[in-house]
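# Breakdown of the fold
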Amino acid sequence: MKALRRLGWFIGGVYIIACLGLYFLQDQIIFRPQPLPETHHFRTGTEVEIPVEEGIALNALWIREARSKGVILYLHGNRGSNRRCLRQTRGMQGHGYDIFMPDYRGYGKSDGSITSEAQMHADIQEVYDYLKQHYRETQIIVLGYSLGTGMATYLTAHNDPQQLVLVAPYLSMVNLKNRWAPVIPNFIVRYPLRSADWISKIEQQITLFHGTEDNVIPYDSSEELQQLNPERSQLITLQGESHRGALFNPLFKRQLAELLP
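Below, the structure is looked at part by part. What you see is a predicted model; the values in this text were computed from it and never measured. (Residues numbered from 1 in each chain as written. Predicted model: local features only at pLDDT ≥ 70, side-chain atom pairs only at ≥ 80, totals over all residues. Heavy atoms only, no water.)

This brings us to the sheet that holds strand β6 (residues 97-102). Across the sheet, which stays open at both edges, the 8 strands sit in the order β2-β3-β6-β4-β7-β8-β9-β10 with mixed pairing between neighbours. Two strands bound the open sheet, and with one partner strand each, they are β2 (46-53) and β10 (233-238). Pairwise comparison of adjacent strand axes, ignoring direction, gives a mean angle of 20° for this sheet. Of the strands in this sheet, β7 (140-145), β8 (163-167), β9 (205-211) and β10 are in contact with helix α8 (residues 250-259), which crosses β9 at around 175°. (Pairing = 2+ DSSP bridges. Helix = DSSP H or I, 4+ residues; strand = E, 2+ residues; numbered from the N terminus. Axes fitted to C-alpha atoms, helices over the stretch in contact; angles between N-to-C directions. Contact = heavy atoms within 4.5 Å.)

Relative to the elements of secondary structure, G45 occurs in the loop between β1 (32-33) and β2. For G45, a relative accessible area of 40% translates into the label partly exposed. For the pair G45 and I99, spaced 54 residues apart in sequence, the C-alpha to C-alpha distance is 8.9 Å. Residues within four places of G45 in sequence aside, it is in contact with L61, W62 and I63. (Buried < 20%, exposed > 50% of the residue type's maximum accessible area, 1.4 Å probe, protein only.)

Moving on, we come to the nonpolar core. Generally speaking, soluble globular proteins have nonpolar side chains that are buried together. Residues F31, L73, F100, Y104, L147 and M173 are the most contacted members of the largest nonpolar core, which totals 45 residues. With 6 residues, helix α3 (residues 117-132) is the largest single contributor of residues to this core. Those residues in contact with F100, other than ones at most four positions away along the chain, are V48, I50, A60, L61, W62, V71, I72, L73, Y74, V127, Y130 and L131. Core analysis: the second largest hydrophobic core is formed by 27 residues, L36, F42, L61 and L247 among them. (Core = buried A, V, L, I, M, F, W, Y, C linked by side-chain atoms within 4.5 Å.)

On their own, these measurements won't tell you what the molecule is for.
Below, the structure written as structure tokens:
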């Protein structure tokens, strides 16, 4: 009995340590920023600084077309910076729409660091408000990839852009946690990013792209999201495509061209 009791205490201790580790280290697990020096020069576009808090500004890259019909607000994934993510915009270019891509706090040349989900949403709202000074909302397409899909869904649910495009989206960070570590309690997740709660509130056109071989965010996440707002959403399946390859898939570029008026 004593041996079993010791084993129980040991397992319980390991579990508590694992929960505490996930709670305090999840920022490092979720966010993988690549800071850039202020001297870094992007090979294209114009840099814009958007104040989000006293002493804190987000650095954004604005790529303009000669004759613009509107703008794609691109919210990138959890890794790197605009330097790394710039090539992801190739499939979005050439359709007559400008591209505006902000780096999150701590990413690229943006100041500060991410500390809460509320902060993330407030920052992206500041970016959206900035765009409204230069475009009508009917000219703004919100496009999110991976991590960025949660913020893109929230932003669309609380504003009135032309449409929403999600590439490799998730239901929530809680859902992803439950797929890989269901024994960890949900309250441990400090960035729930519940896209499933917001997508049903969206009245604009929603298009989801997802690869069937995505081993980061499973394909069925998009299937479930589409069913939460079936009248306004469509799911375009990228057969055999991985998570990282979704934005480079030829079908994505072709279908995006058809979506843009």
